[in-house]
Amino acid sequence: PRSLEREVQAVDNEFSGVLQEDACRVSQLICHTAEPGHLYRSFSWGNKKSLWDEPRAAGVDIRAEILKHYVTQYSAERMSLCVLGGE
């Protein structure tokens, strides 16, 4: 559980660090104005409040949910590799 808390804190720090950048604001604008049901309207990034505080307050076992997601979604068949070179 401590490692999970550290990861959530790392995500929160990253989120806080780019929140005021134009690219982040454009991304937020696209998410909030996309058509209902569009992929852009789905959750794409979180902070400590959305990833830790609110789920815990709702009685969600965060670690169990992450492990369930890993088992059902994390698979080589669902991944792609992109190699970008400077040549």
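Higher on the page you've got the structure.
Our subject in this report is the structure included herewith. Note that the structure is predicted; figures quoted are calculated from it, not measured. (Residues numbered from 1 in each chain as written. Predicted model: local features only at pLDDT ≥ 70, side-chain atom pairs only at ≥ 80, totals over all residues. Heavy atoms only, no water.)

## Points about the overall build of the protein
In terms of helices and strands, the protein carries four helices and zero strands. What you see in the protein, going N to C, is helices and strands ordered as α-α-α-α. On the principal axes, the C-alpha backbone points of the protein span a range of 45 × 30 × 30 Å. Within the protein, contacts between residues at least 6 apart in sequence are counted, and of these 49% link residues at least 24 apart. Counting every atom, the protein has about 7600 Å² of accessible surface; 55% of that belongs to carbon and sulfur. Side chains of the protein give 10 positive and 13 negative charges; the mean places of these two sets differ by 7 Å. (Helix = DSSP H or I, 4+ residues; strand = E, 2+ residues; numbered from the N terminus. Contact = heavy atoms within 4.5 Å. Areas by Shrake-Rupley, 256 points an atom, 1.4 Å probe, with all protein chains shown as cover. Lys, Arg positive; Asp, Glu negative; His and termini not counted. Charge placed at Lys NZ, Arg CZ, Asp CG, Glu CD.)

## Section: the packing of helix 1 (residues 2-18) against helix 3 (residues 48-57)
Packing of helix 1 against helix 3 brings their axes to within 9 Å, and their N-to-C directions diverge by 140°. As judged from the angle between their axes, helix 1 and helix 3 are oblique. For the pair formed by helix 1 and helix 3, the contact residues are Leu4, Glu5, Val8, Gln9, Val11 and Asp12 on the first element and Lys48, Leu51 and Trp52 on the second. (Axes fitted to C-alpha atoms, helices over the stretch in contact; angles between N-to-C directions. Parallel < 35°, antiparallel > 145°, perpendicular 65-115°, else oblique.)

## Some remarks on the packing of aromatic side chains
A ring pair, where both rings are aromatic, is described by two values, the distance of the centres and the angle of the planes. Going through the model one piece at a time under the given rule, you end up with one aromatic pair. Taken together, a centroid distance of 5.0 Å and an interplanar angle of 25° make the contact between Tyr70 and Tyr74 stacked. Note on Tyr70: relative accessible area 47%, which makes it partly exposed. (Phe/Tyr/Trp six-rings, centres within 6.5 Å; stacked < 30°, edge-to-face > 60°. Buried < 20%, exposed > 50% of the residue type's maximum accessible area, 1.4 Å probe, protein only.)

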